[in-house]
2 protein chains.
Amino acid sequence: MGRKHITISRQFGSGGHTIGVELSKRLNIPYYDQNLIEKVARDMGYEEEFVSNIEELESSSKYNFFYKLLVGRDEFGKSITDYIWETEQKVIRQLAEAGPCIFIGRCADYVLEGKEDFLSLYIYSNMEARKKRIVERFGEREDSPRKRLIDKDRKRGNHYHYCTGRDWGVPENYDLCINSGKLGIEESVEAIAHIWNR
Amino acid sequence: MGRKHITISRQFGSGGHTIGVELSKRLNIPYYDQNLIEKVARDMGYEEEFVSNIEELESSSKYNFFYKLLVGRDEFGKSITDYIWETEQKVIRQLAEAGPCIFIGRCADYVLEGKEDFLSLYIYSNMEARKKRIVERFGEREDSPRKRLIDKDRKRGNHYHYCTGRDWGVPENYDLCINSGKLGIEESVEAIAHIWNR
């Protein structure tokens, strides 16, 4: 179908990141997650622009210390999150221009909207499977696995809504939503690769 | 994977019914939608039981005419919808026992819950594609295509919630959610058949 990109939104503990990495090997195209997008942003020289914006925000004399701490916005109404998001969008667009690839997280489905040549995925799973997975992968913490999942989902949902104005995890925002707990990680990779290769 | 059944929940105008019928041909297993489940209920002799329950509800002297009209419940608190739903559940379970098949609608994903051997799907699409589809298939009506879609979705959502206590169209209730407007009907059938046959 001539698709060039895959975007993956995922619940914490659903294995969505692993699915992205496995797909990257399987389809022989690179993947970019938060760490890699940050690295690319640095390589592309965005770090300097970003740091100078943030310094400007911090040195702005228009608002007092507490206001800035609480609201965290400069005189253009931009927060640190806004600056990060602007940079991420530029990087994602440049990477997408450069060739086929997979984006894990970073609201890439929203950044690429309007393009016809990408497959946007939402990976989710049931609470029990996710609890098991995060304990296996990241160990126990002071907070219960359930609380860790709810906290992280809330943060991802809030971030997605902040950046895109859309609701996270609502099917209408994606092409395909996969319950990785039911299908399994391997089967999910297999099914997505099959669709991609058609 | 040894799966025996497929259940399809779908938005009006998403082509979910067509996907079910095409899958039935492709996988060579029967499908059951509302009409066929009604027919089977009749063949299984449930009609008599159902009609007698309804007659009892209608002749009940415990409540007055308006109360029954408004609330539509008998002395056990059961409405006509409850009686239909009970019969549907019995029929769906019996059909599932009889062999592999596809259920279109009728909250079959909920009826089969707990079984490991079925694939539950939610088929949805974007508003524009759905508007186009219902006008092509069912013609123009006095109400706008948008209003017809919203009304029907609302009814399906309410019915699903009434029968299952769960929210309709929420990914967590399904194994796979497919945007048929993005993937296309044929590709959706192809992808589901691929997963089924693994």
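Please read all numbers here as calculations on a predicted model, not as lab measurements. (Residues numbered from 1 in each chain as written. Chains lettered and ligands numbered in written order. Predicted model: local features only at pLDDT ≥ 70, side-chain atom pairs only at ≥ 80, totals over all residues. Heavy atoms only, no water.)

### Some words on helix α1 (residues 16–27) of chain A
Residues and elements named next belong to chain A. For α1, spanning 12 residues, the distance from its first C-alpha to its last is 16 Å, which sits close to the expected 16 Å at 1.5 Å a residue. Buried within α1 we find Gly16, Thr18, Ile19, Gly20, Val21, Leu23, Ser24 and Leu27. Among the residues trailing α1, Asn28 stands out with phi positive, at a value near 60 degrees. (Helix = DSSP H or I, 4+ residues; strand = E, 2+ residues; numbered from the N terminus. Expected span 1.5 Å × (residues − 1). Buried < 20%, exposed > 50% of the residue type's maximum accessible area, 1.4 Å probe, protein only.)

### With respect to the relation of the copies chain A and chain B
The transform that puts chain A on chain B rotates by 180 degrees and translates by 0.0 Å along the axis, for an RMSD of 0.0 Å. These values place the two chain copies in the arrangement generated by a two-fold rotation axis. Across chain A, the rotation axis passes nearest the C-alpha of Cys177 of chain A, at a separation of 2.4 Å. The residues that chain A uses at the interface reappear at the interface of chain B in 96% of cases, marking a shared surface. (Least-squares fit on C-alpha atoms with pLDDT ≥ 70 in both. Contact = heavy atoms within 4.5 Å.)

### Remarks on the environment of Asn173 of chain A
All names here are of chain A. If you trace the backbone, Asn173 turns up in the loop between α8 (145–164) and β5 (176–179). Considered as a pair, Asn173 and Tyr122 are 51 residues apart in the sequence and their alpha carbons are 8.8 Å apart. Each residue touching Asn173, except ones within four places of it in the same chain, is listed here: Asp109, Ser120, Tyr160, Arg166 and Asp167. For Asn173, the side chain forms a polar contact with the main-chain oxygen of Asp167, separated by 2.6 Å. (Polar contact = N/O pair within 3.5 Å; in protein donor to acceptor, adjacent residues only side chain to side chain.)

### Description of the environment of Glu190 of chain B
Inspection of the secondary structure puts Glu190 of chain B in helix α10 (residues 185–197). Looking at Glu190 of chain B, the relative accessible area reads 11%, which means it is buried. Considering only alpha carbons, one finds Glu190 of chain B and Leu23 of chain B, 167 residues apart in sequence, at a separation of 8.4 Å. Each residue touching Glu190 of chain B, except ones within four places of it in the same chain, is listed here: His194 and Arg198 of chain A together with Arg26 of chain B. A polar side-chain atom of Glu190 of chain B sits 2.9 Å from a polar atom in the side chain of Arg26 of chain B.

### Some thoughts on the pairing of strand β1 (residues 5–10) of chain B
Look at any regular strand and the pattern is simple: side chains alternate between the two faces of the sheet. Residue and element names in this part refer to chain B. Across the 6 residues of β1, 6 count as buried, placing the element largely inside the fold. Direction of pairing for β1 relative to strand β4 (residues 118–124): parallel, over a ladder of 6 bridges. Bridging from a neighbouring strand, Thr7 pairs with Ser120 of β4. (Pairing = 2+ DSSP bridges.)

### Examining the state of the cysteines
What the rule picks out here adds up to 0 disulfides over all chains. Not part of a disulfide, Cys101 of chain A finds its nearest cysteine sulfur in Cys107 of chain A, a span of 16 Å. The structure places no disulfide on Cys177 of chain B, whose sulfur is separated from the nearest cysteine sulfur, that of Cys177 of chain A, by 4.6 Å. Accessibility expressed as a relative area gives 0% for Cys177 of chain B, which makes it buried. (Disulfide = S-S within 2.5 Å.)

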